[in-house]
Amino acid sequence: MSSNYIMEDYGRKLLDSVPKNGVLLTEGDMPSLTARYMRYSENYRVDVDVVDQELIGFPWFKEMHKHNYKHYIFPYDREIYFKDVLARKGENYPFSYNFKDVFDVHLNAGVPLYIYPFMKHSDLEW
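Overview of the structure. Note that the structure is predicted; figures quoted are calculated from it, not measured.

## Examining a nonpolar patch on the surface
- Taken together, the side chains of Ile-6, Met-7 and Met-30 define a hydrophobic patch exposed on the protein surface, amounting to about 300 Å² of accessible area.
- Within the secondary structure, Met-7 sits in helix α1 (residues 6-16).
- The exposure class assigned to Met-7 is partly exposed, which follows from its relative accessible area of 37%.

This is the structure we're talking about:
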């Protein structure tokens, strides 16, 4: 058994940075997988929803993962809103959420939304 707890500590610190009943938006394998492992496998901070920014733009994501989230709010029904896009581009076409829509829907609902790593100035959409 290893005495190396670097990733476990990292996952705990990510989740501990989010207030109770908040949402942690992650990007990249290391923060996403580490936080999700701690949340779902170790049952650590089960009040926090861990959402991967890089995956929420795919059409299959909402249907596959909506049951995992208690607090993350999808800003609109992509399946209806982008029906035309899906018809033209195909089922696996990734669409993007506008970050302002995601932020606004959580702000209006009073749900704390934390982003890791920080958003770059040029990140207008996912």
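## Brief notes about the pairing of strand β1 (residues 23-26)
- Burial of β1 is two-sided: the residues Val-23 and Leu-25 facing one way and the residues Leu-24 and Thr-26 facing the other way are all buried.
- Examined bridge by bridge, β1 and strand β2 (residues 49-52) share four bridges and lie parallel to one another. Within the sheet, the bridge partner assigned to Leu-25 lies in β2 and is Val-51.
- Since β1 and β2 lie parallel, the crossover through helix α2 (residues 29-41) that links them has a hand, and here it is right-handed.
- Relative to strand β3 (residues 113-115), β1 is paired through three bridges, and the arrangement is parallel. Bridge pairing in β3 links Val-23 to Leu-113.

## Describing the packing of aromatic side chains
- Per the counting criterion, the structure on display carries five aromatic pairs.
- Taking 5.0 Å as the distance between ring centres and 90° as the angle between the ring planes, the aromatic pair formed by Tyr-72 and Phe-74 counts as edge-to-face. Of the two residues, Tyr-72 and Phe-74, neither departs from the other in class, the shared state being buried.
- Grouping aromatic residues by their ring pairs yields a cluster made of Trp-60, Phe-61, Tyr-69, Tyr-72 and Phe-74.

## Digging into α2
- The complete set of buried residues in α2 reads Pro-31, Ser-32, Thr-34, Ala-35, Met-38 and Arg-39.
- Of the surrounding secondary structure, the elements contacted by the buried residues of α2 are α1, β1 and β2.
- With its phi angle positive at about 55°, Asn-43 sits one or two positions after the end of α2.

## Some remarks on the sheet that holds β1
- Read from one edge to the other, the open sheet built from three strands follows the order β2-β1-β3, with strand pairing classed as parallel. Both edges of this open sheet fall to β2 and β3, since each of them pairs with a single strand only. Taken pair by pair, the neighbouring strands of this sheet meet at an average axis angle of 25°, ignoring direction.
- Along the sheet face, α2 touches β1 and β2 and points at about 155° away from the line of β2.
- Seen against the sheet, helix α6 (residues 99-109) touches β1 and β3 and runs at an angle of roughly 145° to β3.

## A few points about the side chain of Thr-26
- Within the secondary structure, Thr-26 sits in strand β1.
- Given a relative accessible area of 0%, Thr-26 falls into the buried group.
- Once residues within four sequence positions are removed from consideration, Thr-26 is found in contact with Pro-31, Ser-32, Val-50, Val-51, Asp-52, Gln-53, Glu-54 and Tyr-116.

The rules we used
Residues numbered from 1 in each chain as written. Predicted model: local features only at pLDDT ≥ 70, side-chain atom pairs only at ≥ 80, totals over all residues. Heavy atoms only, no water. Patch = residues over 30% accessible without salt bridge, like charges linked within 9 Å, V, L, I, M, F, W, Y side chains within 5 Å. Areas by Shrake-Rupley, 256 points an atom, 1.4 Å probe, with all protein chains shown as cover. Salt bridge = Lys/Arg side-chain N within 4 Å of Asp/Glu carboxyl O. Helix = DSSP H or I, 4+ residues; strand = E, 2+ residues; numbered from the N terminus. Buried < 20%, exposed > 50% of the residue type's maximum accessible area, 1.4 Å probe, protein only. Pairing = 2+ DSSP bridges. Right-handed = clockwise from strand over helix to strand, strands pointing away. Phe/Tyr/Trp six-rings, centres within 6.5 Å; stacked < 30°, edge-to-face > 60°. Contact = heavy atoms within 4.5 Å. Axes fitted to C-alpha atoms, helices over the stretch in contact; angles between N-to-C directions.

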